[in-house]
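Here is how the chains run, residue by residue.
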Amino acid sequence: MRALILWIALFLPLLGADMTTLTISVKSPSGKPVEYASVIVKFVKGRSAAKLGKKIRKEWELRTNQEGYVKIPPIPQGTILVQIIAKDYQTFGQNFDVDEEEKTLDIKLNPPQPQYSAH
């Protein structure tokens, strides 16, 4: 019985993945906040274990507030994909390595590229 309790005490913390709370700031090239931008965050790879039989949510789709911020609830640490779609800006997409309990990502969106024709 003591061996079982010792095993649980040693290995139970390893079952749950380390989690990160993300804050994402979305700004224009001039530094103004981009409000109501669509932000998609997906866990790509890393340590993601089920927590005592519960599934951990690994994907979020939110919108920035009027100050250009969005706060993502806890997501497993590792590599995450951040995609941002906003009217009048180029779509942004990039992988980030996250290994902290709290992290803030500052993202500047670029203006759209002019269209061209190959004909």
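Preceding block: the structure.
A brief look at the structure comes next. (Residues numbered from 1 in each chain as written. Predicted model: local features only at pLDDT ≥ 70, side-chain atom pairs only at ≥ 80, totals over all residues. Heavy atoms only, no water.)

Overview of the overall build of the protein chain
Here comes step 1: Across its full length, the protein chain holds 1 helix and 7 strands.
Here comes step 2: Ordered by position from N to C terminus, the α and β elements of the protein chain give α-β-β-β-β-β-β-β.
Here comes step 3: A buried classification covers 30% of the 119 residues belonging to the protein chain.
Here comes step 4: In the protein chain, the proportion of contacts linking residues at least 24 apart, taken out of those at least 6 apart, comes to 65%.
Here comes step 5: Accessible surface, the protein chain as shown: approximately 8,500 Å² in total, 54% of it carbon and sulfur. (Helix = DSSP H or I, 4+ residues; strand = E, 2+ residues; numbered from the N terminus. Buried < 20%, exposed > 50% of the residue type's maximum accessible area, 1.4 Å probe, protein only. Contact = heavy atoms within 4.5 Å. Areas by Shrake-Rupley, 256 points an atom, 1.4 Å probe, with all protein chains shown as cover.)

Concerning the pairing of strand β5 (residues 78-85)
Here comes step 1: Inspection of the sheet shows strand β2 (residues 38-46) paired to β5 by 8 bridges, in the antiparallel sense. Paired with V41 across the two strands is V82, which belongs to β5.
Here comes step 2: If you look at the hairpin formed by β5 and strand β6 (residues 92-98), you'll find 6 residues sitting between the two strands, and D88 has a positive phi there, around 70 degrees. (Pairing = 2+ DSSP bridges.)

Digging into the nonpolar core
Here comes step 1: L22, I24, V41, I80, V82, I84 and L109 are the most contacted members of the largest nonpolar core, which totals 22 residues.
Here comes step 2: Among the elements of the structure, β1 (19-27), β2, β4 (69-76), β5, β6 and β7 (102-108) are those that each provide at least two residues to this core.
Here comes step 3: Beyond its immediate stretch of four places on either side in the chain, L109 contacts V26, K27, S28, P29, V34, I84, A86, Y89, Q90 and F92. (Core = buried A, V, L, I, M, F, W, Y, C linked by side-chain atoms within 4.5 Å.)

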